Each structure stands twice: as structure tokens, then as C-alpha cells.
Amino acid sequence: MNRRKFVLNTFLTSIGGLVGINYLKGNNPIGEHLKSSVNGGIMLDNPTIISTWKFGIEANAAAYEILSKGGNALDAVEAGVRVPEADLNNTSVGRAGYPDRDGKVTLDACIMDKDGNAGSVAFIQHIAHPISVARAVMEKTPHVMLVGDGALQFALENGFKKEELLTDNAKKAWEEWKKKNNYTPPVGPNNHDTIGMLAIDKAGNISGACTTSGLAFKMHGRVGDSPIIGAGMYADNNVGGAAATGLGEAVIKIAGSFLVVEAMRNGKTPQEACEMAVHRIIEKQKNYKDIQVGFIAINKNGERGAYSLVKGFQYAFHQKGENKVYDSDYHLKE
Ligand code: ASP
């Protein structure tokens, strides 16, 4: 054990003792969240990454490149989600995303760092990497969120390149959709796929990112959960982080990712917290049988959870050097 770790462990042991004594006295001076993160042991030297869907595997690999060299979780999640943003075969994130019902590709993204700083862009057009614009909003402005033309203007002022994001393939899919769907935005389990990612770096710090082209063929101007801090993604360095995918309207209404993180703060495991959030949607959303929502979560100890409404949600998890896709458990069994 090196000196830094020894000092840290000694510190954690003494804090752990303090928490224990104060619990015995019925006193909780430094917060329930520290009970799990300190007593359970903060993850050190064990980078962990979780991300939504199967395509999270390549994103995790890019994030791990950074974490394995001692890089920080913020750089890792940004680099990770830039992979599907750039992927021309991915029709639900970044460049090549399916357009809205007017044929425009409009993107949403958000990012949070270990200090609780947050940045977000919504309804931005012509920029292939909205996650990096979200990071610039966080780091270079006094604001959290920029939308639409203002977000584009900010991106261009900060050196991002203006591009046509609509590919021939996405245009063809949109034209097909228009023939059959009478210009009505679809709400179903299979017309979306956001990447949300949480990472823990070697220092034990957590950051998160989330980026999407949103619901395919949505109304022009529609913004989903993904760029909304606490809905599409939330990270709290004392507790853990969570991200959502699926019908954003359902996630926004329950402040989904924040709900998951707060449940972990209050003692739930990441798995229990994800299940609780899905059950909250079932309580609140009348048409829950016709939609899909999935949550992923990790806590400070590197434990994970995932749960969705219906079958089919997958996530990618990278820990102890192993990067694998898992099928999430789900609610609607038949
Ligand atoms: N949550 C995203 C949205 O509603 C879509 C998705 O996850 O696929 O915009």
C-alpha cells in the first residue's frame, strides 16, 4: 500500500468509527450517504464504467483507455460517449441520428463532474458532439443549460464545426416513416436508444454523461430527459450516479436519475434504486405497458444496478478489466 492510500484508509477508518459511534447515539452528523461510501470502502485503483445499451461496450472501452492511465472520470465519460456520437451506424446518438418529424436532427446532452458541476445542451443542431458542447457550457459559462440556436452559436464561437448531421440512411427512414405515420410522433418501446454513462476513476471520483438524438420523429422542438440534469443523468460524488433511457417524458416526470441517486443515498443498493424508479413510473404513467424506460446506476463502491419496464434493455459494464454486455432485468414478464 502506498503512502497516499495508507493515509486515506486511516482517515476512512476513523471516519467510519465516528459514523458508527454517532449512529449508536442516534446521531448522524455527516449524512447517511457517507455510511455506505465510507463504511463500504471507496473504490480506489479500480476504474468502473457503466453505460446504456449494447453499443456502450465500445464507449466503455474508450473511457477505460483514459481511466487505466490514471485519467479522470470526467474526461473518460466525455471520450466514451463521443464514440456512439461519431458512429455513422448509430441512428439514435449524435451524427447519423434519426431526425425529428420535420427532418431536422436535433441533439440533447448533459454532463456532470465530481464536484457537482453540470453542463447541458438541448435542441442543438449541426454539431456532432453535443457532449463536448455541454462540457464547454459547464466549464466556460456561468450557466448550466443552453438550447437551440443559442447553443449552436456558443458551440461555433468555441471552435466546434458546423455539419450536416442527416445521413442518407436517416433521411430514407424519415421519408418511409412519413408515408405511414401521418406526421404523428411515435411513442413505443423501440424507437430510441440514448447513451448514458457513469464512471469511477482510480481516485474514486464519479462523473456522468448522457447524449442522444432523442425520440425518432419527435415534434420539432421536443426535448427529452437526456439533457435534463436529474432526469436523464445524475451523479453525486458522495453517493453514485444514474442514467436513464427510453421515453423521456416518463423519466422527466419522476426526475428519474435523481430519484435513483437519492434512493442510494438513503441506503438502497443500485439495483433496488433502479427497480424503485421503474415502479414509480408504473404508478404514475398510465400507458406504462406500451413504453420502455431503463435505468442504470453505480454507487461509490462500484456496485451496479439496472432495471427496465419491458424486456430488451441491455447495458455494458466494465470493471476489473472486463468489459461485458448484460441483459437488464425488467418488470413486465409476460
Ligand atoms: N430518453 C431519450 C429521449 O426521450 C430517448 C432514448 O433513450 O432513447 O429523448
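Figured I'd write up the structure that's included with this text. This structure is a prediction, so every number in the text was calculated from the model and none was measured.

Here helix 3 (residues 56–68) crosses helix 4 (residues 73–86) at 150°, and the two axes come no closer than 7 Å. On the basis of the axis angle, helix 3 is roughly antiparallel to helix 4. At the point where helix 3 passes helix 4, the crossing takes the right-handed sense. Of helix 4, the residues touching helix 3 (which contributes E58, A59, A62, A63, I66 and L67) are A73, D75, A76, A79, G80, V83 and P84. Residues belonging to the contact of helix 3 with helix 4 are distributed by class as follows: 10 nonpolar, one polar and two charged.

On to the sheet that holds strand 8 (residues 240–246), then. Taken in spatial order, the five strands make up an open sheet running 7-8-9-10-13, and their pairing is mixed. For this open sheet the edge positions go to strand 7 (233–236) and strand 13 (329–330), each flanked by a neighbour on one side alone. In the sheet, strand 10 (residues 304–308) pairs with strand 13 via two bridges, with the strands oriented parallel. Residue pairing across strands places S308 opposite Y330, the latter belonging to strand 13. Running at roughly 145° to strand 8, helix 9 (residues 256–265) makes contact with strand 7, strand 8 and strand 9 (293–299) of the sheet. Here helix 10 (residues 270–284) sits on the sheet and contacts strand 9 and strand 10; the angle it forms with strand 10, its principal contact strand, is near 20°.

The next thing to look at is the pairing of strand 11 (residues 314–319). In summary, the side chains of a regular strand alternate between the two faces of the sheet. Across the six residues of strand 11, five count as buried, placing the element largely inside the fold. Looking at chain direction, strand 1 (residues 48–52) and strand 11 are connected through five bridges and run antiparallel. Residue pairing for strand 11: I50 is matched across the bridge by F317. Two elements, strand 11 and strand 12 (residues 322–327), share six bridges in a ladder whose sense is antiparallel. Within strand 12, the residue paired with Q319 across the bridge is E322.

Criteria and thresholds
Residues numbered from 1 in each chain as written. Predicted model: local features only at pLDDT ≥ 70, side-chain atom pairs only at ≥ 80, totals over all residues. Heavy atoms only, no water. Axes fitted to C-alpha atoms, helices over the stretch in contact; angles between N-to-C directions. Helix = DSSP H or I, 4+ residues; strand = E, 2+ residues; numbered from the N terminus. Parallel < 35°, antiparallel > 145°, perpendicular 65-115°, else oblique. Left-handed = near helix turned anticlockwise from the far one by under 90°. Contact = heavy atoms within 4.5 Å. Nonpolar A, V, L, I, M, F, W, Y, C, P; charged D, E, K, R; others polar. Pairing = 2+ DSSP bridges. Buried < 20%, exposed > 50% of the residue type's maximum accessible area, 1.4 Å probe, protein only.

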